[in-house]
Amino acid sequence: MSDDRDFSTSEVRVSRMLANPGDPWVSVHAIAEHQFCPRAGLLAYENKRAGDDDEAPAFDILPRFELEAIERVLGERRREFFRMLWIFLSLVIGGTFASKLQQPAIVVLVGVGMAFVSYRILNVAWDIVELLKQRHIALTSRCHEPDPYFEDFQRVNWFGLLNLGFESIRLQEALRDDDWRFEGKPWRILRKGSLSIPVFRTRSPQDKPGEQQIAKIMAYCRLVSVCFPPECPYGIILTSEDCSGVAVPNQGKFRKRFHDNLVAIRQLALASEHRSERDVPYDSRGCRGCPLGAPRRVSKGLR
């Protein structure tokens, strides 16, 4: 029996998420900024600046998120504290002898040394107190493992998850999706069994993540699903200084924000590459406080 159906006019529907070979690569950072403001997304794309999830440059670093590192640095600081204390006592004894021998120049030098060592002892003691606090949080934090089938936010705690057996992985390079042509590097990935969960931190104090943060974590979920199969049922956003946060389900209603912004920023990036972009919508009231284009601030690192 002959098949008289004509397939010549049939339509093949191609997902809007698939990129064409000539489409530019965009970053998760640019996608999230586009959710905040289209103009901010375009600036983030053109600046090619790394996202906030890269480790920030810092002059002084105390570990906060890995118990092993906390224990290691705590031991180093304790040893330094006792070493500085021994030097201080030696200077006291030396200064006493110099005073009895009537050597004022030596007494002055000893006094300067004692001032410097005292300052260092106070700094090291402060570090020890902070590390002991963080060690206590790491050892005592508890939380329930998120339900991978739950359709709403779930409260979590970073150390609570580690205490449940999740392994923390710090990536050295960005993850890439060749089909959708975007890339990004989450702050950490948690692995347990078949689960691979992206994590990023935000300095926002709000209890629930905003749309920009949801778009960002959904983008990371997509990258992890591509690069670390098989299961990525949710992503985690840490939202406070006590290492607590929320698990966001990797489901349709949350993914849509990411999908819409990826398509939109890709179109803006194409227009930018061909210098054909026109008026990009923006709210001028938000531009005054926009950090894009400003020098990157260097501060005390919290790892």
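Predicted model, so just to flag it, every value in this text is computed and none were measured.

Reading across the sheet, the six strands line up as S3-S10-S9-S8-S7-S4 and stay open at both edges, with mixed pairing between neighbours. In this open sheet, the two strands that pair with only one neighbour each are strand S3 (154-157) and strand S4 (167-169). On average, adjacent strands in this sheet sit at an angle of 30° to one another, irrespective of strand direction. One ladder, built from three bridges, connects S4 with strand S7 (residues 188-192); its direction is antiparallel. Looking at S7, one finds that Ile169 is bridged to Ile189. This element, helix H6 (residues 211-227), spans S7, strand S8 (195-201), strand S9 (234-238) and strand S10 (244-249) of the sheet and lies at about 145° to S8.

The next thing to look at is the pattern of salt bridges. Here the idea is simple: oppositely charged side chains can pair when their charged atoms come close. Applying the stated criterion across every chain, the model contains twelve salt bridges. Between Lys133 and Glu130 there is a salt bridge; the shortest N-O distance is 3.8 Å. One end of the pair is Lys133 and the other is Glu130, both in helix H4 (residues 104-140) and three residues apart, which spans about a single turn. Lys133 sits in the partly exposed class, given a relative accessible area of 48%. Through salt bridges with shared partners, a single network forms among Arg16, Lys256 and Asp260.

The next subject is H6. Compared with an ideal rise of 1.5 Å per residue, which puts 17 residues at 24 Å, H6 spans 24 Å between its outermost C-alpha atoms and is within 8% of the ideal. Buried within H6 are the following residues: Gln213, Ile214, Ala215, Lys216, Ile217, Met218, Ala219, Tyr220, Cys221, Leu223 and Val224.

Whether parallel or antiparallel, the strands of a sheet pair through hydrogen bonds between backbone atoms. Pairing in this open sheet of three strands is mixed, and the strands run S1-S6-S5 from one edge to the other. What marks the edges here is a single partner per strand, and that holds for strand S1 (26-27) and strand S5 (175-177). Bridge count between S1 and strand S6 (residues 182-184): two bridges; the pairing is parallel. Residue Val26 lies in a different strand from S6, and its bridge partner there is Phe182.

So, about the environment of Ser272. Residue placement: Ser272 occurs in helix H7 (residues 252-273). Distance from Ser272 to Tyr45, taken between C-alpha atoms, is 9.3 Å for residues 227 residues apart in sequence.

This part is about the environment of His34. The residue His34 is located in helix H1 (residues 28-36) in this model. Spatially, the C-alpha atoms of His34 and Ala215 are 9.6 Å apart, while their sequence positions differ by 181 residues.

Bringing the nonpolar core into the picture now. Core analysis: the biggest nonpolar cluster contains 60 residues, and Trp158, Phe182 and Ile236 have the highest contact counts within it. Apart from the residues lying within four places of it in its own chain, the contact partners of Trp158 are Phe65, Glu66, Ser168, Trp187, Arg188, Leu190, Val199, Leu238 and Cys243.

The final tally for this structure, using the stated rule, is seven aromatic pairs. Note on Trp180 and Phe258: the rings are 6.0 Å apart at their centroids and 35° apart in plane angle, and the pair reads as tilted. Of this pair, Trp180 sits in the loop between S5 and S6 while Phe258 sits in helix H7; the two residues are 78 residues apart in sequence, bridging distant segments of the chain. As far as burial versus exposure is concerned, Trp180 and Phe258 are alike and both buried. One residue, Arg188, lies across the ring of Trp187, its end atom 4.3 Å from the ring centre. Residue placement shows Arg222 over the ring face of Trp180; its charged tip is 3.6 Å from the ring centre.

Each value, and the rule that gives it
Residues numbered from 1 in each chain as written. Predicted model: local features only at pLDDT ≥ 70, side-chain atom pairs only at ≥ 80, totals over all residues. Heavy atoms only, no water. Pairing = 2+ DSSP bridges. Helix = DSSP H or I, 4+ residues; strand = E, 2+ residues; numbered from the N terminus. Axes fitted to C-alpha atoms, helices over the stretch in contact; angles between N-to-C directions. Contact = heavy atoms within 4.5 Å. Salt bridge = Lys/Arg side-chain N within 4 Å of Asp/Glu carboxyl O. Buried < 20%, exposed > 50% of the residue type's maximum accessible area, 1.4 Å probe, protein only. Expected span 1.5 Å × (residues − 1). Core = buried A, V, L, I, M, F, W, Y, C linked by side-chain atoms within 4.5 Å. Phe/Tyr/Trp six-rings, centres within 6.5 Å; stacked < 30°, edge-to-face > 60°. Lys NZ or Arg CZ within 6 Å of the ring centre and 35° of its normal.

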